[in-house]
2 protein chains.
Amino acid sequence: MPSKETSPAFRESPELKLGGDFRMTRQRREVYDVLMAHRDHPTATEVFLRVKDRMPTISLATVYNCLETMAQCGVVRQVNVDREPSRYCGNMMEHGHFYCESCGSVRDVDLRGPRKPDDYLMIPDGSIVEKMEVGARGLCPACAAKRVAK
Amino acid sequence: MPSKETSPAFRESPELKLGGDFRMTRQRREVYDVLMAHRDHPTATEVFLRVKDRMPTISLATVYNCLETMAQCGVVRQVNVDREPSRYCGNMMEHGHFYCESCGSVRDVDLRGPRKPDDYLMIPDGSIVEKMEVGARGLCPACAAKRVAK
DNA sequence: CTAGGTGCAAAAGGTTTGCGGTTAA
DNA sequence: TTAACCGCAAACCTTTTGCACCTAG
């Protein structure tokens, strides 16, 4: 039985629409499918390499363009971890990220509790909050275990 | 009466030590003083320009090196807002940041409540959290007011 | 049909690095 | 005295852009 992550229906999300003046192109579809196929958080270059397998003519610039457009449409999310290359994720549910300094993996982490910016931060009166990002870095369980073993 | 932020004793922090094999040089002292003088969150280039007034021979690369070294020593903090140039801050108290998309200002925001990563995120068992960052972006009160007025 | 998208190559722009000379401790 | 640091310029690397051709709607 195929898992949720690899089932064709899930991967191809045939109903995806971008809205506005944005067209759904073969390149955007492939980029999106790559993001949905494995819920790791690939960089633009990694997305490029994966898409290239199925579509050898695609260019890195196009991948950047696709990712930016889809992020603008709210279909994809850009995740920035300090100065490292941006990563992208298709999980639009509200969540935080945990970055492992040892293996470089980025994983989604659920927010605990109420999730409104005001619950986390003393936002000054009169501000308009458009988005909030909660992230942590350190060692993931696997790398933490390895470190102890050494 | 000089404010806390501009009083010479505060600016010069004569007792600052870096520890380890790190030396306190005139360049590092100036970079640090600039960060403590105005609690805005200057980029490396902005720090460079400010230090240059008092020390015309300093180079941008040195400012980058000083900032990195001092961040490593825990004397200074690097603040990354998405893909924009890194900013630096001398406030080592735990706090979050609010970035205004209109005027580009970054201001410190107090965390509300308990402040431990586990209170915010469902950190997987066995992880070791080294640091947490909470940030928000949107419009600061001044820019929000202007937008309404238009 | 045509505005929007693609691919390519070149540029941009923040940050890092190699190196010969300098300096804090 | 000497390892650490500085200033300079060049390199690095991710991301953006200009442009001629292509394609979704």
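Being a predicted model, the structure only gives us computed values, none of them experimental. (Residues numbered from 1 in each chain as written. Chains lettered and ligands numbered in written order. Predicted model: local features only at pLDDT ≥ 70, side-chain atom pairs only at ≥ 80, totals over all residues. Heavy atoms only, no water.)

Caption draft 1: Inspection of the packing of helix H3 (residues 44-54) of chain B against helix H4 (residues 60-72) of chain B at higher detail. Residue and element names in this part refer to chain B. Here H3 crosses H4 at 115°, and the two axes come no closer than 9 Å. With respect to H4, the element H3 is oriented roughly perpendicular. The interaxial crossing formed by H3 with H4 has right-handed handedness. Contact with H3, carried on its side by Ala44, Thr45, Val47 and Phe48, involves Leu60, Val63, Tyr64 and Leu67 of H4 and no other residues of that element. The class makeup of the residues in the contact of H3 with H4 is seven nonpolar, one polar and no charged. (Axes fitted to C-alpha atoms, helices over the stretch in contact; angles between N-to-C directions. Helix = DSSP H or I, 4+ residues; strand = E, 2+ residues; numbered from the N terminus. Parallel < 35°, antiparallel > 145°, perpendicular 65-115°, else oblique. Left-handed = near helix turned anticlockwise from the far one by under 90°. Contact = heavy atoms within 4.5 Å. Nonpolar A, V, L, I, M, F, W, Y, C, P; charged D, E, K, R; others polar.)

Caption draft 2: Summary view of the pattern of salt bridges. All names here are of chain A. A full pass over the atoms with the stated rule returns 18 salt bridges over all chains. Arg50 is the salt-bridge partner of Asp40, the closest N and O atoms lying 2.8 Å from each other. Highlighted residues: Asp40 in the loop between helix H2 (26-37) and helix H3 (44-54) and Arg50 in helix H3, separated in sequence by ten residues. With a relative accessible area of 33%, Asp40 lands in the partly exposed category. The salt bridge involving Glu84 is made with Arg137; its shortest N-O contact spans 3.9 Å. One end of the pair, Glu84, is in the loop between strand S1 (77-79) and strand S2 (87-89); the other, Arg137, is in strand S5 (residues 128-139), and 53 residues separate them in sequence. Glu84 gets classed as partly exposed once you look at its relative accessible area, which sits at 25%. (Salt bridge = Lys/Arg side-chain N within 4 Å of Asp/Glu carboxyl O. Buried < 20%, exposed > 50% of the residue type's maximum accessible area, 1.4 Å probe, protein only.)

Caption draft 3: Main features of the confidence of the model for chain A. Here chain A shows a mean pLDDT of 87. Residues at 70 or above account for 89%. Across residues 1-12 of chain A, confidence stays below pLDDT 50; counting only partners more than four residues off in sequence or on other chains, it has 16 contacts. (pLDDT = per-residue confidence, 0-100.)

Caption draft 4: Region of interest: the protein's contact with DNA strand C. Near DNA strand C you find 20 residues, and of these Arg23(A), Thr25(A), Arg28(A), Thr62(A) and Tyr64(B) are the closest. Between DNA strand C and Thr57(A), the relevant distance is 3.5 Å, taken from a phosphate oxygen to a main-chain nitrogen or oxygen of the residue. Between DNA strand C and Arg23(B), the relevant distance is 3.4 Å, taken from a base oxygen to a side-chain nitrogen or oxygen of the residue. Contributing elements (two or more residues each) for the surface near DNA strand C: H2 and helix H4 (60-72) of chain A together with H4 of chain B. Taken together, the residues of the surface near DNA strand C sort by class into eight nonpolar, seven polar and five charged. (Near = heavy atom within 4 Å. Polar contact = N/O pair within 3.5 Å; in protein donor to acceptor, adjacent residues only side chain to side chain.)

Caption draft 5: Expanded view of the nonpolar core. Tyr120(A), Leu121(A), Val134(A), Tyr120(B), Leu121(B) and Val134(B) are the most contacted members of the largest nonpolar core, which has 28 residues in total. For this core, the secondary-structure elements that each account for two or more residues are strand S3 (96-100), S5 and helix H6 (141-149) of chain A together with strand S3 (96-100), strand S5 (128-139) and helix H6 (141-149) of chain B. With residues near it in sequence (within four places) discarded, Leu121(B) still touches Gly96(A), Val109(A), Asp110(A), Leu111(A), Arg112(A), Val134(A), Gly135(A) and Ala136(A). (Core = buried A, V, L, I, M, F, W, Y, C linked by side-chain atoms within 4.5 Å.)

Caption draft 6: Looking closely at the sheet that holds S5(A). Strands sit in the order S4(A)-S3(A)-S5(A)-S5(B)-S3(B)-S4(B) across an open sheet of six strands; the sheet is mixed. What marks the edges here is a single partner per strand, and that holds for strand S4 (106-109) of chain A together with strand S4 (106-109) of chain B. Sheet twist, expressed as the average angle between the axes of neighbouring strands with direction ignored, equals 25°. Pairing geometry for S3(A) and S4(A), over four bridges, is antiparallel. When the bridges of S4(A) are listed, Phe98(A) appears paired with Arg107(A). Helix-sheet contacts for H6(A) involve S3, S4 and S5 of chain A together with S5 of chain B, and the interaxial angle to S5(A) is about 30°. (Pairing = 2+ DSSP bridges.)

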